Amino acid sequence: MLSEKTIAGLFFIENRMATFELYRRSTIGMCLTETLDEMVSSGVLGPEFAIQVLVQFDKSMAEALDNQVKTKVSIKGHLHTYRFCDNVWTFILQDALFKYDECQENVGRVKIVACDSKLLVQ
């Protein structure tokens with residue numbers, strides 16, 4: 001079984017490669033983690049291989065968002081909370097308005113986590 005400490009940290013370092021684990025708390029990241037946890041519990045996968053899958057997921061998500069997403073978004077809203085810790089910014093906005101292309105969307109509450117991609121070792 002994968003421990004919370006293994007899957008919920010900010011950085012995972014293996015062979016001197018660091019990756020941000022931001023996307024593990026997304027819907028797809030949580031589903032992947034739950035599936036891997038079930039596979040480890042049932043003996044289908046070893047815990048080491050499950051961790052390798054999560055590390056590859058982290059790398060693939062960051063690369064896909066960097067290379068494939070070209071839409072720019074502007075965000076306006078009431079800044080409820082902000083924090084800077086371990087080179088990671090966290091913003092919580094209330095009554096946020098997202099504008100992109102010709103569309104706009106109102107969101108009651110949104111949490112934005114941002115980190116400097118230059119901190120990643122490629």
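This is a predicted model, so every value here is computed, not measured.

Engineer: Even after reading the chapter, I still don't get a nonpolar patch on the surface, so can you show me in this structure?
Structural biologist: Nonpolar side chains collect at one region of the surface, where Leu 79, Tyr 82, Phe 84 and Trp 89 lie side by side and expose about 440 Å² of accessible area between them. Sorting elements by how many residues they give to the nonpolar patch places strand 3 (residues 74-85) first, with three residues.

Engineer: Quick question: what am I supposed to make of helix 3 (residues 47-68) here?
Structural biologist: Residues that lie three or four places apart on an α-helix share one face, since the helix turns once every 3.6 residues. Compared with the 32 Å implied by 1.5 Å per residue over 22 residues, the 31 Å span of helix 3 between its first and last C-alpha is a close match. When helix 3 is considered as a whole, its buried residues turn out to be Ala 50, Ile 51, Leu 54, Val 55, Phe 57 and Asp 58. On an axial view of helix 3, the arc spanned by its buried residues comes to 145°, and they lie on one face. Residues of helix 3 that are exposed and point over 90 degrees away from its buried face: Glu 48, Glu 63 and Gln 68.

Engineer: Quick question: what am I supposed to make of the packing of aromatic side chains here?
Structural biologist: Here the distance between the centres and the angle between the planes together describe a pair of aromatic rings. According to the stated counting rule, one finds two aromatic pairs in the structure shown. Ring centres of Trp 89 and Phe 91 lie 5.5 Å apart, and the angle between their planes is 10°; on these two criteria the pair is classed as stacked. The class of Trp 89 is partly exposed, set by a relative accessible area of 35%.

Engineer: How should the nonpolar core be read in this particular structure?
Structural biologist: Taken as a class, soluble globular proteins show a tendency for nonpolar side chains to be buried jointly. In this structure, Leu 36, Val 40, Leu 45, Ala 50 and Leu 54 together form the largest nonpolar core, which totals five residues. Elements with a minimum of two residues in this core: helix 2 (27-41) and helix 3. What Leu 45 contacts, discounting residues up to four positions off in sequence, is Leu 36, Met 39 and Val 40.

Engineer: I keep staring at the sheet that holds strand 5 (residues 103-115) and nothing clicks. Help me out?
Structural biologist: Pairing between the strands of a sheet comes from backbone hydrogen bonds, and it takes one of two forms, parallel or antiparallel. Strands sit in the order 3-4-5 across an open sheet of three strands; the sheet is antiparallel. Each edge of the open sheet carries a strand with a single partner, namely strand 3 and strand 5. With strand direction ignored, the average angle separating the axes of adjacent strands in the sheet is 10°. The sheet contact formed by strand 3 and strand 4 (residues 88-100) spans 10 bridges and is antiparallel. Paired with Tyr 82 across the bridge in strand 4 is Phe 91.

Engineer: Would you explain the packing of helix 2 against helix 3 in this entry?
Structural biologist: For any two helices packed against each other, the geometry comes down to the angle between their axes and how far apart the axes lie. Where helix 2 meets helix 3, the axes come as close as 10 Å, and the angle between the chain directions of the two elements is 170°. Considering their axes alone, helix 2 and helix 3 lie roughly antiparallel with respect to each other. Where helix 2 crosses over helix 3, the two elements pack in a sense that is right-handed. Residues Ile 28, Gly 29, Leu 32, Thr 33, Leu 36 and Val 40 of helix 2 form the contact with helix 3, whose own contacting residues are Pro 47, Ala 50, Val 53, Leu 54 and Phe 57. Of the residues in the contact of helix 2 with helix 3, the class split is nine nonpolar, two polar and no charged.

Engineer: Would you take a moment to explain the environment of Asn 87 for this structure?
Structural biologist: With respect to the element layout, Asn 87 can be found in the loop between strand 3 and strand 4. Judged by relative accessible area, Asn 87 falls into the partly exposed class, the value being 42%. When the C-alpha atoms of Asn 87 and Ala 114 are compared, they prove to be 8.8 Å apart, with 27 residues separating the residues in sequence.

Cut-offs applied
- Sequence order as written defines the numbering, with residues in each chain counted from 1.
- For this predicted model, a pLDDT threshold of at least 70 governs which residues receive local features, and a threshold of 80 or more governs which side-chain atom pairs are given and counted, while totals over whole chains, interfaces and linings are taken from all residues.
- Side-chain descriptors were evaluated using all non-hydrogen atoms of the structure, hydrogens and water having been removed beforehand.
- In this analysis, a patch consists of residues with relative accessible area above 30% that form no salt bridge, clustered at 9 Å for like charges and at 5 Å for the nonpolar side chains Val, Leu, Ile, Met, Phe, Trp and Tyr.
- Areas reported as accessible are Shrake-Rupley estimates using a 1.4 Å probe. Residue values count occlusion only from the protein chains shown.
- The working definition used for a salt bridge is a side-chain nitrogen of Lys or Arg within 4 Å of a carboxyl oxygen of Asp or Glu.
- Helix numbers and strand numbers start at the N terminus; a helix is a DSSP run of H or I with at least 4 residues, a strand a run of E with at least 2.
- In this scheme, a helix's expected span is set at 1.5 Å multiplied by one less than its residue total.
- A simple rule labels every residue: compare its accessible area, found with a 1.4 Å probe on the protein chains alone, to the largest value its type can have, and call it buried under 20%, exposed over 50%, or partly exposed in between.
- Each C-beta atom gives one direction from the helix axis, and the arc is the one those directions make.
- Under the pairing criterion, centres of Phe, Tyr and Trp rings, with the six-membered ring standing for Trp, must be within 6.5 Å; the plane angle then separates stacked pairs below 30 degrees from edge-to-face pairs above 60, leaving the rest tilted.
- What we call a nonpolar core is a set of buried Ala, Val, Leu, Ile, Met, Phe, Trp, Tyr and Cys residues that are connected through their side-chain atoms within 4.5 Å.
- Residue contacts are counted whenever heavy atoms from the two residues lie within 4.5 Å of one another.
- By this definition, two strands are paired if DSSP reports at least two bridges between them.
- Here, axes are lines fitted to C-alpha atoms. For helices the fit covers the stretch in contact, and angles between N-to-C directions go from 0 to 180 degrees.
- By definition in this entry, angles of less than 35 degrees are roughly parallel, angles greater than 145 are roughly antiparallel, angles of 65 to 115 are roughly perpendicular, and the rest are oblique.
- Helix crossings are classified by the rotation of the near helix relative to the far one: an anticlockwise turn of less than a right angle makes the crossing left-handed, while a clockwise turn makes it right-handed.
- Throughout this entry, Asp, Glu, Lys and Arg are counted as charged residues, while Ala, Val, Leu, Ile, Met, Phe, Trp, Tyr, Cys and Pro are counted as nonpolar. The remaining residues, Gly among them, count as polar.

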